[in-house]
Amino acid sequence: MGTFSPGFRGRPRSSSGRLPPGQYEAYDFPVLSAGPTPWVSRDTWQVTVTSETGAEHTWSWTDLMGLPSERPTVDLHCVTKWSKFDTHWQGVSLDLLLADVETAAEFALVHSYGGYTTNLPLEDILDGKAWIAYGYDGDDLYPEHGGPARPLVPHLYLWKSAKWVRGIQLRLDDEPGFWESAGYHEYGDSWRDQRYQGD
Ligand SMILES: Nc1nc2c(c(=O)[nH]1)N[C@H]1C(S)=C(S)[C@@H](COP(=O)(O)O)O[C@H]1N2
Ligand SMILES: [Mo]
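Everything numeric in this text was worked out from a predicted model, so none of it was measured. (Residues numbered from 1 in each chain as written. Chains lettered and ligands numbered in written order. Predicted model: local features only at pLDDT ≥ 70, side-chain atom pairs only at ≥ 80, totals over all residues. Heavy atoms only, no water.)

Asks: An account of the overall build of the protein chain is requested, with residue identities and associated values reported.
Replies: Each helix and strand in the protein chain was counted, giving three helices and eleven strands. Here the C-alpha radius of gyration of the protein chain, 16 Å, is about what a compact globule of 199 residues would show, namely 16 Å. When its C-alpha atoms are laid out on the principal axes, the protein chain stretches across 45 × 35 × 30 Å. Out of the 199 residues belonging to the protein chain, those deemed buried represent 50%. Partitioning the contacts of the protein chain with sequence separation of at least 6, the portion at a separation of at least 24 is 68%. Counting every atom, the protein chain has about 9600 Å² of accessible surface; 50% of that belongs to carbon and sulfur. (Helix = DSSP H or I, 4+ residues; strand = E, 2+ residues; numbered from the N terminus. Rg over C-alpha atoms; globule rule 2.2 N^0.38 Å. Buried < 20%, exposed > 50% of the residue type's maximum accessible area, 1.4 Å probe, protein only. Contact = heavy atoms within 4.5 Å. Areas by Shrake-Rupley, 256 points an atom, 1.4 Å probe, with all protein chains shown as cover.)

Asks: Can you break down the side chain of Lys 163 residue by residue, with the values?
Replies: On the secondary structure map, Lys 163 appears in the loop between strand S10 (150–152) and strand S11 (165–171). Glu 144 provides the closest opposite charge to the buried, unpaired Lys 163, separated from it by 8.6 Å. At a separation of 2.9 Å, a polar atom in the side chain of Lys 163 contacts the main-chain carbonyl oxygen of Glu 144. Among all residues touching Lys 163, those that are not within four sequence positions of it are Val 31, Leu 32, Ser 33, Ser 112, Glu 144, His 145, Gly 146, Ala 149 and Arg 150. (Lys, Arg positive; Asp, Glu negative; His and termini not counted. Salt bridge = Lys/Arg side-chain N within 4 Å of Asp/Glu carboxyl O. Polar contact = N/O pair within 3.5 Å; in protein donor to acceptor, adjacent residues only side chain to side chain.)

Asks: I'd like to hear about the site of ligand 1, residue by residue, with values.
Replies: Around ligand 1, the surrounding shell holds 20 residues, and the nearest of these are Pro 30, Ala 34, His 145, Arg 150 and Lys 163. Within the backbone of Pro 30, one N or O atom sits 2.6 Å away from an oxygen atom of ligand 1. One of the backbone nitrogen or oxygen atoms of Ala 34 is found 2.6 Å away from an oxygen atom of ligand 1. Look at ligand 1: alone it shows 520 Å² of surface, and the protein chains cover 96% of it. Within the shell around ligand 1, the residues separate by chemical class into 13 nonpolar, four polar and three charged. (Near = heavy atom within 4 Å. Nonpolar A, V, L, I, M, F, W, Y, C, P; charged D, E, K, R; others polar.)

Asks: Explain the sheet that holds strand S3 (residues 56–60) residue by residue, including any values.
Replies: Here five strands make up an open sheet; going across it, the order is S3-S2-S11-S6-S7 and the pairing mixed. What marks the edges here is a single partner per strand, and that holds for S3 and strand S7 (117–121). Looking at each pair of strands side by side, their axes are set apart by 15° on average, direction ignored. (Pairing = 2+ DSSP bridges. Axes fitted to C-alpha atoms, helices over the stretch in contact; angles between N-to-C directions.)

Asks: A description of the pairing of S3 should follow, citing residues and the corresponding values.
Replies: With five bridges connecting them, strand S2 (residues 46–50) and S3 associate as antiparallel partners. If you follow Thr 50 over to S3, its bridge partner there is Glu 56. Hairpin connection of S2 to S3: five residues between the antiparallel strands, including Gly 54 at a positive phi of 95°.

Asks: So what's going on with the environment of Gly 135? Which residues, and what values?
Replies: One can find Gly 135 in strand S8 (residues 131–136). Taking the relative accessible area as the measure of exposure, Gly 135 reaches 4% and is therefore buried. Separated by 96 residues in the primary sequence, Gly 135 and Trp 39 place their C-alpha atoms 16 Å from one another. Setting aside residues up to four positions removed in sequence, Gly 135 forms contacts with His 88, Trp 89, Gln 90, Asp 140 and Leu 141.

Asks: Give a description of the confidence of the model for the protein chain that names residues and reports values.
Replies: Averaged over all residues, the pLDDT of the protein chain is 93; the fraction at 70 or higher stands at 92%. Low pLDDT, under 50, characterises residues 1–15; the predicted model gives this stretch 25 contacts beyond four residues in sequence or across chains. (pLDDT = per-residue confidence, 0-100.)

Asks: Tell me what's going on with the nonpolar core, and back it up with residues and numbers.
Replies: Trp 45, Ile 125, Ile 168 and Leu 170 are the most contacted members of the largest nonpolar core, which has 36 residues in total. At the level of elements, S2, helix H1 (61–65), helix H2 (94–98), strand S6 (107–112), S8 and S11 are the ones that each hand at least two residues to this core. Excluding anything up to four places from it in sequence, Trp 45 contacts Val 40, Trp 59, Ser 60, Trp 61, Leu 64, Tyr 113, Pro 148, Ala 149 and Val 165. Counting residues in hydrophobic clusters, the runner-up holds 13 residues, among them Phe 29, Leu 76, Cys 78 and Tyr 136. (Core = buried A, V, L, I, M, F, W, Y, C linked by side-chain atoms within 4.5 Å.)

Below is the structure:
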């Protein structure tokens, strides 16, 4: 698979259809957290986008609720090998949040309440591929699953969808996040089995 450059387009699909290589279908919704669930109230929750120049754009919960939302139905793929089909979310497209942010950045480092981080190419959270999700299955997003809100980036392994988001740092250079620093793949395309560094 080394001839494919990282990117959203042109990724080969597994011959088994919806299940990426090495995955099995799960029917429950496992909770995977590297630490305790931070309980963040919607009154104090905010998400800040910081550009490479240090310019900050902040949205409160009320700001976020004032933006038009979408209801994507997506398949989730966790690096621990479970996949969950047809999950129903509600959230705001990251295109909307990033539209007015002037940047030459190529990378994003997502920061969570609680300290978790994960890195992605900026293009992977643009063009309709990612949301700030705050609803799941017709309900508020439960705290264990990242509520008040988390980015949802379903075309990459689920560790790239940081729970309890508080910031998105736009960067000219790529900075590994929590799992990426611990040996996981810097990009994490489930369809290309990119679990660990070097895959
Ligand atoms: N803040 C934060 N986000 C996180 C994690 C975490 O430990 N902390 N775990 C990641 C991993 S490894 C996975 S598989 C998914 C799990 O999401 P879930 O608990 O909603 O299934 O969250 C990702 N986002
Ligand atoms: Mo995971």
